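Structural description and commentary
Now for the letters of each chain:
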Amino acid sequence: MESTVRRLKRLVDPIHLVAYQADEPTAALMALGHRNYWDGYFAGRAAPLGRVSAEVVHAVFYNFADGEVARHIPRVWDIASPEAALAAREQGSVAALRRILGGLADGPGLVRAADLATKAATSAPTEGRILYSGLRTLPVPEEPVARLWHAATLLRESRGDGHNAALVIAGVGGTESHVLRALSEGIPAAKDGRLQHLPAAQLAAVMDGMRARGLIDAASRLTDAGREIREWIESLTDVADAPAYDSLEPCELDQLLADLEPISAALDAAGSR
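Residues numbered from 1 in each chain as written. Predicted model: local features only at pLDDT ≥ 70, side-chain atom pairs only at ≥ 80, totals over all residues. Heavy atoms only, no water.

1. Considerations on the overall build of the protein
Within the protein, the secondary structure is distributed over 12 helices and 0 strands. The order of helices and strands in the protein, counted from the N terminus, is α-α-α-α-α-α-α-α-α-α-α-α. For 273 residues, the compact-globule formula gives about 19 Å, and the C-alpha radius of gyration of the protein, at 19 Å, lands near that figure. Along the first, second and third principal axes, the C-alpha atoms of the protein reach 55 × 50 × 35 Å. Sequence separation of 24 or more characterises 73% of the internal contacts of the protein that already satisfy a separation of 6 or more. Split by element, the accessible area of the protein, about 12,100 Å² in all, is 57% carbon and sulfur. (Helix = DSSP H or I, 4+ residues; strand = E, 2+ residues; numbered from the N terminus. Rg over C-alpha atoms; globule rule 2.2 N^0.38 Å. Contact = heavy atoms within 4.5 Å. Areas by Shrake-Rupley, 256 points an atom, 1.4 Å probe, with all protein chains shown as cover.)

2. Brief notes about the packing of helix α5 (residues 82-101) against helix α12 (residues 250-269)
Look at α5 against α12: their axes get within 9 Å of each other, and the N-to-C directions meet at 95°. Accordingly, the angle class assigned to the pair α5 and α12 is roughly perpendicular. Facing L97, I100 and L101 of α5, the residues of α12 in contact are I263, A266 and L267. Along the lines of polarity and charge, the residues of the contact of α5 with α12 split into 6 nonpolar, no polar and no charged. (Axes fitted to C-alpha atoms, helices over the stretch in contact; angles between N-to-C directions. Parallel < 35°, antiparallel > 145°, perpendicular 65-115°, else oblique. Nonpolar A, V, L, I, M, F, W, Y, C, P; charged D, E, K, R; others polar.)

3. Remarks on the environment of L155
In this structure, L155 sits in helix α8 (residues 144-170). Considering only alpha carbons, one finds L155 and Y245, 90 residues apart in sequence, at a separation of 9.5 Å. In contact with L155, not counting residues within four places along its chain, are V12, A117, A120, A121, A244 and Y245.

4. Considering the side chain of R159
Within the secondary structure layout, R159 lies in helix α8. If sequence neighbours within four positions are ignored, R159 has contacts with V5, R6, K9, E234, T237, D238 and D241.

5. Structural notes on unusual backbone geometry
In this model, I73 is joined to P74 through a cis peptide bond whose omega is 10°. The backbone of Y62 sits at a positive phi, close to 75°, despite the residue not being glycine. Tracing the chain through its elements places Y62 in the loop between α4 (54-61) and α5. In this structure, S220 is a non-glycine residue whose phi angle is positive, near 60°. Looking at the element boundaries, S220 is found in the loop between α10 (200-212) and α11 (224-241). Overall, S220 belongs to the partly exposed group, its relative accessible area being 26%. (Buried < 20%, exposed > 50% of the residue type's maximum accessible area, 1.4 Å probe, protein only.)

6. Considering α10
Here α10 spans 18 Å end to end across 13 residues, near enough to the 18 Å set by a 1.5 Å rise per residue. Of all the residues in α10, the buried ones are L203, V206, M207 and M210. For α10, the arc enclosing every buried residue in end-on projection is 95°, short of the 170-degree limit, so these residues lie on one face. Opposite its buried face, α10 presents the exposed residues A201, A205 and A212, each directed more than 90 degrees away. Check the buried side of α10 and you find it contacts α9 (174-184). G214 sits one or two residues past α10 and shows a positive phi near 80°. (Expected span 1.5 Å × (residues − 1). Arc of directions from axis to C-beta.)

7. A look at the environment of S247
Position of S247 among the secondary structure elements: in the loop between α11 and α12. A relative accessible area of 24% means that S247 is categorised as partly exposed. Residues within four places of S247 in sequence aside, it is in contact with K119, A120, S123 and E252. Among the polar contacts made by the side chain of S247, one reaches the main-chain carbonyl oxygen of K119 at a distance of 3.4 Å. A distance of 2.9 Å separates polar atoms of two side chains, one belonging to S247 and the other to S123. (Polar contact = N/O pair within 3.5 Å; in protein donor to acceptor, adjacent residues only side chain to side chain.)

8. Some remarks on the nonpolar core
F61, I73, L148, Y245 and L260 are the most contacted members of the largest nonpolar core, which totals 62 residues. Apart from the residues lying within four places of it in its own chain, the contact partners of L260 are L8, L11, V12, I15, A113 and L148. Among the nonpolar cores identified, the runner-up in size contains 21 residues, and L203, M207, M210 and L215 belong to it. (Core = buried A, V, L, I, M, F, W, Y, C linked by side-chain atoms within 4.5 Å.)

9. Some remarks on the pattern of salt bridges
Within this structure, the stated rule accounts for 25 salt bridges. E252 serves as the salt-bridge partner of K119, at 3.0 Å between the closest nitrogen and oxygen. On the criterion of sequence distance, the pair formed by K119 in helix α6 (residues 108-121) and E252 in helix α12 is long-range, its members being 133 residues apart. When its relative accessible area of 34% is taken as the criterion, K119 is described as partly exposed. The shortest N-O distance in the salt bridge between R227 and D224 comes to 2.6 Å. With a gap of 3 residues between them, R227 and D224 both fall in helix α11, about one helical turn apart. Residue D224 is classed as exposed on the basis of its relative accessible area of 52%. Beyond isolated ion pairs, a larger network of salt bridges with shared partners links R6, R159, E231, E234, D238 and D241. (Salt bridge = Lys/Arg side-chain N within 4 Å of Asp/Glu carboxyl O.)

Encoded structure:
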């Protein structure tokens, strides 16, 4: 049976992910003068940290290969400020949510979800959660759709910070984590969207290291040990994620789940996952 924390992740993720998967946020960030999608990605996501170096963003994001962040940071700050990137990403994400959700965007369920998600998202612990803490310094939007997207982003990055901590404890690097996820979903590593851009020799070296540790076999399939460590990482991430929802009463948690279901379903149908 799906745990409450995993169910919340499943329902919250599509709301935040319009920032990366819908046209409107990309267009808004490109309008600032960025060259391509990845300029906008790094500018928008790293903006809560301020004008930090590529080394800091690489460490906080954790799951990008060496050198990938440095192709964008700090150059993006010469094009538009972090404040401008934040405004563009939020504006585009809200526009995308309104387009996809239609009438749901103005319904009472979304307003309730925005309020309850914000209550949870602004009460999670900040210790050890760098990107989440940066987001916590930003003002909470008043408009309900913007408030829901902001809350989902806080919750997503809070869980992500905890997930990175779990990966560190497990001794699993960022690229290795993508391999574990891809193989667990039946996707060959070289064909996964987060890995296929890597030079073949670089990906092969990562997989050779995982093979030596017994996480994948000679045919590049997950071993029992690989499946166990991935599930252990996800379980530990759930433990780190759970305190975000401790501020909600049981009836509030039930209401949040109920109100998020149709919103998440509409976004899932539109491909925001």
